[in-house]
Amino acid sequence: MRAEVFRAWITAAATVIGEQRDHLTQLDAAIGDADHGINLDRGFTAVVGAIESAAPVTPGAVLTLTGTTLISKVGGASGPLYGTAFRRAGRALGDAADVDLPGLAVALEDALAGVQQLGAAREGDKTMVDALAPATAAFSKAIAEGAQTADALAALVEAAQAGAAATISMQALKGRASYLGPRSVGHEDPGAASTALILGALRDAARAGQ
Ligand code: ADP
Ligand code: MG
């Protein structure tokens with residue numbers, strides 16, 4: 001996968017975040033402060049502008065610029081967390097002009113590690129980690145079993161969606177939602193939901209780029 005696919009991914013992510021902005025904000029209204037969709041829409045709109053003006057030429061540079069822009073434009077917990085995820089993924093890709101599936105898997109694993117180092121959330125704490133961790137594991141497993149790009153990315157997205165859905169029955173132990181204690185049960189975590197959307201955009205961009 002070359003830089004065009006990564007630019008298409010981020011553009012598609014910005015589009016779906018814009019479309020789902022109100023939905024994400026409603027999820028955050030139930031267990032947070034009703035700003036998640038607003039935060040991410042502002043951030044990804046800025047990212048699209050930054051990519052258009054800087055025109056990064058490698059996949060790693062696309063993701064690093066995405067992360068840096070999210071950190072500078074998004075207030076709230078999700079900005080630094082997503083920003084770190086994209087910056088770590090970008091660093092893992094290095095200067096390569098073309099990224100293969102194992103390289104992308106390492107980048108996603110580094111992104112997850114960055115989120116967990118910064119936010120200290122584990123699986124089951126009802127955060128974006130509950131979408132990103134199973135997605136990353138499913139992706140790496142599919143690749144190890146010989147899956148091609150489309151099937152590996154389908155496995156990534158299915159695991160992210162299942163992981164996000166599984167947060168409904170969890171009690172939040174990290175982030176603003178944890179202040180609600182047991183009352184956080186029964187609602188999908190907004191960051192897990194947005195992670196599934198962002199990874200879905202990756203699958204769609206890779207499919208369109210083939
Ligand atoms: P804020 O909570 O500051 O208003 P957002 O509403 O934009 O920020 O993002 C909330 C999301 O951030 C949560 O749904 C959760 O997925 C994620 N989040 C919060 N704290 C953490 C953490 N410590 N580790 C991982 N993800 C977290
Ligand atoms: Mg919020």
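Shown above is the structure to which this text applies.
Each value, and the rule that gives it
- Residues numbered from 1 in each chain as written.
- Chains lettered and ligands numbered in written order.
- Predicted model: local features only at pLDDT ≥ 70, side-chain atom pairs only at ≥ 80, totals over all residues.
- Heavy atoms only, no water.
- Helix = DSSP H or I, 4+ residues; strand = E, 2+ residues; numbered from the N terminus.
- Rg over C-alpha atoms; globule rule 2.2 N^0.38 Å.
- Buried < 20%, exposed > 50% of the residue type's maximum accessible area, 1.4 Å probe, protein only.
- Contact = heavy atoms within 4.5 Å.
- Areas by Shrake-Rupley, 256 points an atom, 1.4 Å probe, with all protein chains shown as cover.
- Lys, Arg positive; Asp, Glu negative; His and termini not counted.
- Charge placed at Lys NZ, Arg CZ, Asp CG, Glu CD.
- Near = heavy atom within 4 Å.
- Polar contact = N/O pair within 3.5 Å; in protein donor to acceptor, adjacent residues only side chain to side chain.
- Salt bridge = Lys/Arg side-chain N within 4 Å of Asp/Glu carboxyl O.
- Axes fitted to C-alpha atoms, helices over the stretch in contact; angles between N-to-C directions.
- Parallel < 35°, antiparallel > 145°, perpendicular 65-115°, else oblique.
- Left-handed = near helix turned anticlockwise from the far one by under 90°.
- Nonpolar A, V, L, I, M, F, W, Y, C, P; charged D, E, K, R; others polar.

*Asks:* I keep staring at the overall build of the protein and nothing clicks. Help me out?
*Replies:* Each helix and strand in the protein was counted, giving nine helices and zero strands. Tracing the protein from N to C terminus, the helices and strands come up as α-α-α-α-α-α-α-α-α. Its C-alpha atoms give the protein a radius of gyration of 16 Å, near enough to 17 Å, the size a compact globule of 210 residues would have. For the C-alpha atoms alone, the extent of the protein along its principal axes is close to 45 × 40 × 30 Å. Out of the 210 residues in the protein, the part that is buried amounts to 50%. Taking as baseline every contact in the protein between residues at least 6 positions apart, the subset at least 24 positions apart corresponds to 68%. About 9,000 Å² of surface is accessible on the protein, with carbon and sulfur atoms providing 53% of the total. Within the protein, one finds 16 positive and 22 negative side-chain charges whose respective centroids are separated by 6 Å.

*Asks:* How should the site of ligand 1 be read in this particular structure?
*Replies:* Surrounding ligand 1, one finds 20 residues, the nearest of these being Asn 39, Ala 77, Ser 78, Gly 119 and Asp 189. A distance of 3.3 Å separates an oxygen atom of ligand 1 from a polar atom in the side chain of Arg 176. A distance of 3.0 Å is found between an oxygen atom of ligand 1 and a backbone nitrogen or oxygen belonging to Gly 191. Bound to the protein, ligand 1 loses 92% of the 560 Å² it would expose on its own.

*Asks:* What exactly am I supposed to notice about the pattern of salt bridges here?
*Replies:* Close approach of charged atoms allows side chains of opposite charge to pair. Within this structure, the stated rule accounts for seven salt bridges. Residue Asp 22 is joined to Arg 21 by a salt bridge in which the shortest nitrogen-to-oxygen separation is 3.8 Å. Residue Asp 22 is classed as exposed on the basis of its relative accessible area, which comes to 53%. Residue classification places Arg 21 among the partly exposed residues on the basis of a relative accessible area of 30%. The salt bridge partner of Asp 41 is Arg 21, with a shortest N-O separation of 3.3 Å. Pair noted here: Asp 41 is in helix H3 (residues 36-54) and Arg 21 is in helix H2 (residues 21-31), with a separation of 20 residues, a long-range link. Residue Asp 41 is classed as buried on the basis of its relative accessible area, which comes to 16%. When salt bridges with common partners are traced through the structure, they connect Arg 21, Asp 22 and Asp 41 into a single cluster.

*Asks:* Help me understand the packing of helix H1 (residues 3-19) against H3, please; the structure alone is not making it clear to me.
*Replies:* The axes of two packed helices give the description: the angle between them and the distance between them. The interhelical angle for the contact between H1 and H3, taken along N-to-C directions, is 150 degrees, at an axis separation of 9 Å. With respect to H3, the axis of H1 lies roughly antiparallel. Handedness of the H1/H3 crossing: left-handed. For the pair H1 and H3, the contacting residues are Arg 7, Ile 10, Thr 11, Ala 13, Ala 14, Ile 17 and Gly 18 in the first and Leu 40, Asp 41, Phe 44, Val 47, Val 48 and Ile 51 in the second. Here the residues of the contact of H1 with H3 are counted per class, giving nine nonpolar, two polar and two charged.

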